[in-house]
Amino acid sequence: MTQRALDSSGEQTPGPPRPAMIDAGAELDPVHPMRPPPSARHTGGLTTAEVAERVARGEVNDVPVRSSRSLTEIVRANVFTRFNLIIGVLWVIMLFVAPIQDSLFGFVIVANTGIGIVQEWRAKKTLDSLAVIGEAKPTVRRDGVAAEISTSEIVLGDLIELGPGDKVVVDGTVAEADSLEIDESLLTGEADPVIKRSGDPVMSGSFVVAGGGAFTATKVGREAYAAQLAEEASRFTLVHSELRTGISTILKYVTWMMVPTAIGLIISQLVVKDNNFKESVARTVGGIVPMIPEGLVLLTSVAFAIGVVRLGRKQCLVQELPAIEGLARVDVVCLDKTGTLTEGGMDVTEVRPLNGSDEAYVTRVLGALGASDPRPNASLKAIADAYPDGGAWAVTDTLPFSSARKYSGAAFDESDAGSADGGNGGNGGRRSTWLLGAPDVLLPDQDPTLTEIEQLNEQGLRVLLLARASGALDGPGIGDGAVPTALVVLEQRLRPDAAETLAYFADQRVATKVISGDNAVSVGAVAGKLGLAGAENTMDARRMPTDPDEMATAMEENAVFGRVTPQQKRDMVAALQSRGHTVAMTGDGVNDVLALKDADIGVSMGSGSEATRAVAQIVLLNNSFATLPSVVAEGRRVIGNITRVATLFLTKTVYSVLLAVLVVCFQVEYPFLPRHLTLLSTLTIGVPAFFLALAPNKERAQPHFVRRVMRYAIPSGVIAAAATFATYLMARHHYSGAGALEAETSAATLTLFLVSMWVLAIIARPYTWWRVCLVAAMGLGFLIVLVVPWLQNFFALKLVGTTMPWAAVGIAVAASVALEFVWRWVGRRFGA
């Protein structure tokens, strides 16, 4: 039912099915003599009344197309967390036993949770609106007319048309088939396409690779099990990323440390020390609350959500949220040429007849080929535009384009040609069979025409060969012995933004590999015009080694690959991954689907086939390759900044646990009330972390998130705890009498604040004007608390005398020097 674009590139663009072949004597459309009249086209399908009956019975494909979590799920995920439960219980206790200033941590958690819900809701709305824009609309026949409808409007019994690149959206049975080949690898894992004939079943989640046809929907909605699987697989998610997995691992260990430490602290403060009960409870809670890195999960969700919103404004649909993170880790980008480096449109610059063929007859053949497909791809559209007079030839048979075959064909009845034989290309018998495709595939290796073609390819031109075949299109070896008739030379239109994008990747040390079905020399010439480094290192994939290790070496040594088959694209991705590379693959044609699925990150153009959009993690709805740097930059911003601020949060967890352990071991009162640590957390972690998490960051994301964070957080926390407890013990010996505990707490708070500020100052590097202002503002905030009387009373902070406060400053300075030494040693020993 569908003819594929007759293209040498091996790169396909989607097009709707074409009407079935007709007999030479059938009534013809006066405008397009090749096609039957409208009354004969698009027959079949349900009537409007039948559709209404099925809708009334609920036989509708009502599986919701969802790109994100529902509002209920968002609220549940942000509110009902393990740490929110712990903090909530402690907050309720503090509301009964202590002043309101010791319960501030609870209000902070409420605010943080609200921010998380609002940001993720914004991201959800952005994603949902983009998903609607990018949603594929299958073509369904109703009342004898074919029309595009939403997937959710399909009813049981609908007749749905299929063409190359179309995804089967519901389960059904084939009603019409014209060389229909369907790839079921996403369901079965079997890579070889399956030929489908009338009566054969088709499963949702599979897609058409060649030919066309139509099928009748037999299972819709939740009965189509494969559709449910596909929906679950493509659902927006906040899980399954190294970053979030790493944070979950950290939180698990924190819980294990927190429980025994908290129990020991409770016993120490309530039993061992015979203090005022309410005071003991307040100080116990003050020791437990800072152990929880509650803001870390929030900040991660907010950073991801804001990233989605930012990319959404650039018409970039992130179908799986961790893709932002994944693309930030990419070090190799595999690009499709057509639609990525070049625009879809092309122009015919020359037709060179071969073997004495008559040029007028050649143009008539090309016109017929151009008119034979109502929705041609770029190559055939250029031919149709150049030769709009398709003549009166009727199509009697077609050979769909195959990426493995590299050519396609059509057979015509020339009875209405009304012209004499045109030389060697004459009709000679009223019927003719033609092939159009890759010259180096259709011609023998030693054919002298290949030298002429090579010179054209070196100029970056695309060359198609028109050849006349002697046998039937469905016969074996149809390409063997085909008589070369003409060369069709096309000029490709370069994307104006492609050179800048390639330069960006080169600057970011991301290797770029151009993988195309077109001629390698031609592709290399195009890449060279755009300034791709290594564009002169081209390789014909037909000579690519099959051994995975040798293939990986070839992939690393060359930058441009031509005549690549779909299976080779998969093998190339796997070969690069075997060398430890993180691979992103871009594509828009059905021949890219399997490689997109296997790549670490699949990127599809919005105008690409439905199958590619379904398996890709990122869809560029504006079809602009230039959007990719924005995605990479957004990913690097999220990953790099979360790694930075995670160190702040976990430093607090480490020193809080160690302080609690030291308090239990030395049998002393816990030095802080909740209000003190709320103040410190706000000034040294909460506020600065929010700004740092959203700041620009171009560093490539590094692996081993947990290791990278903890190797700094553990020594920083140990130094901070040691310095703070040393100040506290000194203050206990220095002060005595009424108010001694408050003075001791104030001195310890000063040391802890200064050490924490130094950790913040290290993490804020490299300094910019706003980072310096941020750190300075936090220091100024603490100074205001120390000098304003009502704030002193509110936070129970008052420095007594001069000896102990200056001693606290001295200890903090020594600890800061130790921090600098440790951070530099860790950086040298384990890498930045």
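Heads up: the structure comes first, above all this text.
Reference entry: report on the structure contained in this document. (Residues numbered from 1 in each chain as written. Predicted model: local features only at pLDDT ≥ 70, side-chain atom pairs only at ≥ 80, totals over all residues. Heavy atoms only, no water.)

With that settled, consider helix α15 (residues 498-507). What α15 keeps buried is the set Ala498, Thr501, Leu502 and Phe505. Looking straight down α15, one finds its buried side chains confined to an arc of 100°; they lie on one side. Pointing more than 90 degrees away from the buried face of α15 are the exposed residues Glu500, Ala506 and Asp507. On its buried face, α15 sits against β9 (332-335), β16 (511-515) and α21 (628-666). Arg509 occupies a position one or two residues after α15 and carries a positive phi of about 60°. (Buried < 20%, exposed > 50% of the residue type's maximum accessible area, 1.4 Å probe, protein only. Helix = DSSP H or I, 4+ residues; strand = E, 2+ residues; numbered from the N terminus. Arc of directions from axis to C-beta. Contact = heavy atoms within 4.5 Å.)

The next point concerns the environment of Phe96. With respect to the helices and strands, Phe96 occurs in helix α3 (residues 82-97). Residue classification places Phe96 among the exposed positions, given a relative accessible area of 67%. The sequence separation of Phe96 and Lys278 amounts to 182 residues, and the corresponding C-alpha distance is 9.0 Å.

Among the five residues of β16, four are classified as buried, and the element is accordingly described as predominantly covered. Here β16 pairs with strand β18 (residues 560-562) via two bridges, running parallel. The residue bridging Val514 from the neighbouring strand is Val560, located in β18. (Pairing = 2+ DSSP bridges.)

What follows is about the pattern of salt bridges. With the rule as written, the count across this model stands at 22 salt bridges. Between Arg352 and Glu350 there is a salt bridge, and its shortest N-O distance comes to 2.7 Å. You can call Arg352 partly exposed: its relative accessible area is 24%. The salt bridge partner of Arg542 is Asp540, with a shortest N-O separation of 2.8 Å. Accessibility expressed as a relative area gives 12% for Asp540, which makes it buried. Through salt bridges with shared partners, a single ionic network connects Asp440, Arg462, Asp518, Asp540, Arg542 and Arg563. (Salt bridge = Lys/Arg side-chain N within 4 Å of Asp/Glu carboxyl O.)

Shape descriptors only; they carry no functional weight alone.
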